[in-house]
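Residues per chain are reported as follows:
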Amino acid sequence: MKKILVVGAGLAGATVARELADAGWHIDVIDKRSHLAGNAYDYVSELGFRIHKYGPHLFHTNNQKVFDWLSRFTEWLPYQHKVKAILADGSYVTLPPNKETKKALGRENIVDIIFRPYTRKMWGMELEELDPKVIQRVQIRDDNNELYFPSDKFQCLPKNGYTALVSAILRHENIEVALGKPFDKALERHYYHIFNSMPIDEYFEFSKGELPYRSIRFTHVSLPAPKVFPTATTNFTHNGPYTRVTEWCHLPGHGGRPDYTTLTYEEPCDYRDNNCERYYPVKDVSGANRALYKQYRRMVPEYMTFIGRCGQYVYLDMHQAVGSSIGHVQQFLGSQVTI
């Protein structure tokens, strides 16, 4: 039986591995990290809170196919995400900005109070340097909607967390998983095809230059109170280093206590200042970064398919990572006469 290698045990890699295994292929999955689920990895702290190690992951989609596919491997807890922004006087306004937000700030002030300082910290760029499509993900509304994803049919969290979800996806007799094992090009001769979620510029040893990424440093704080903030996510509008805070007790299935709450603060930075942890590809307004990625894409050998955020240098929500990976496998299987 010809074997396939999947590099990365996150949602993209796990989806590819499961689809191929269900089609009869034998799959080896490797990941340089010591855990499954990639950036969606979560764990239960000593205080009983479920923490997402690499920042909050909130599943939302209108894609029935993706939702049904994932539902094979998890039960869901309904959750509609809300976000507030805290102002200089300690009061809160809703994000995405709605009718009440405009009334409190004045529509003409929303960009400078809400978007400009966040963009400067998050992306290390001025608003005008960033691709407008990034900001357009958060639309200013003319109603009193308080939901962050108001148009998505499916909004929920996996009942036992993302690590358990990915573990279930990879639980198949045709799949072998090796953690703590980084990719080595010497592996290539042992496999018929490779689905690779590693950074595409790193694979090619940065021969055309480095693709920039933003990263996040996390600070965890536990306080002797049942709850501190009004919503799971609160954005900061000040010029300090932190962009937002997550309070885990607001999320269903993530724990709650009368005597303690756990908060996680996010401080964006260049990925090279955070052990090369790559989280967000940078979409500059000129498109130079995407053009560099395309140079690398033209160099990819026929026996390899790059997947995921780092492999495709594109911002993917979780449902998009799953849908994209299913599409890659269907394309691969369609090109095979027989196994």
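Every value quoted in this text rests on a predicted model; they were computed, and no experiment measured them.

S.K.: Go over helix 6 (residues 162-169) with me, naming the residues and quoting the values.
M.R.: For helix 6, a buried count of six out of eight residues is recorded, marking the element as mostly surrounded by other parts of the structure. Burial in helix 6 covers these residues: Y162, T163, L165, V166, A168 and I169.

S.K.: How would you sum up the side chain of T61? Please name residues and give values.
M.R.: Its location among the elements puts T61 in strand 5 (residues 59-61). For T61, a relative accessible area of 1% gives the class buried. Among the polar contacts made by the side chain of T61, one reaches the main-chain amide nitrogen of N63 at a distance of 2.9 Å. With sequence-adjacent residues up to four places away left out, T61 is seen in contact with F67, D152, K153, F154 and H319.

S.K.: Can you break down a positive patch on the surface residue by residue, with the values?
M.R.: On the surface, K133, K208, K283, R290, K294, R297 and R298 cluster together into a positively charged patch. Here the element with the most residues in the positive patch is helix 8 (residues 288-297); it accounts for three residues. Taking relative accessible area as the criterion, K283 reaches 36% and is therefore assigned partly exposed.

S.K.: Describe in detail the nonpolar core, supporting the description with residues and values.
M.R.: With 83 residues, the main nonpolar core has L20, I27, F59, L70 and F183 as its most contacted residues. Broken down by element, the residue count for this core peaks at seven residues, all from helix 1 (residues 11-22). With residues near it in sequence (within four places) discarded, F59 still touches V66, F67, L70, W76, F154, Q155, C156, L157, Y162, M318 and H319.

S.K.: Residue-level account of the pattern of salt bridges, with values.
M.R.: In total, this model carries 18 salt bridges according to the counting rule given. Where K3 meets D28, a salt bridge forms, and the shortest distance between an N and an O atom there is 3.0 Å. Of this pair, K3 sits in strand 1 (residues 3-7) while D28 sits in strand 2 (residues 26-31), and the two are 25 residues apart along the sequence. In this structure K3 comes out as partly exposed when scored by relative accessible area, which is 33%. In this structure, E75 engages K159 in a salt bridge whose closest nitrogen and oxygen atoms are separated by 3.9 Å. Here E75, found in the loop between helix 2 (64-71) and strand 6 (76-78), pairs with K159, found in the loop between strand 9 (154-158) and helix 6; they are 84 residues apart in sequence, far enough to count as distant. Note on E75: relative accessible area 53%, which makes it exposed.

Parameters and conventions
- Residues numbered from 1 in each chain as written.
- Predicted model: local features only at pLDDT ≥ 70, side-chain atom pairs only at ≥ 80, totals over all residues.
- Heavy atoms only, no water.
- Buried < 20%, exposed > 50% of the residue type's maximum accessible area, 1.4 Å probe, protein only.
- Helix = DSSP H or I, 4+ residues; strand = E, 2+ residues; numbered from the N terminus.
- Polar contact = N/O pair within 3.5 Å; in protein donor to acceptor, adjacent residues only side chain to side chain.
- Contact = heavy atoms within 4.5 Å.
- Patch = residues over 30% accessible without salt bridge, like charges linked within 9 Å, V, L, I, M, F, W, Y side chains within 5 Å.
- Areas by Shrake-Rupley, 256 points an atom, 1.4 Å probe, with all protein chains shown as cover.
- Salt bridge = Lys/Arg side-chain N within 4 Å of Asp/Glu carboxyl O.
- Lys, Arg positive; Asp, Glu negative; His and termini not counted.
- Charge placed at Lys NZ, Arg CZ, Asp CG, Glu CD.
- Core = buried A, V, L, I, M, F, W, Y, C linked by side-chain atoms within 4.5 Å.

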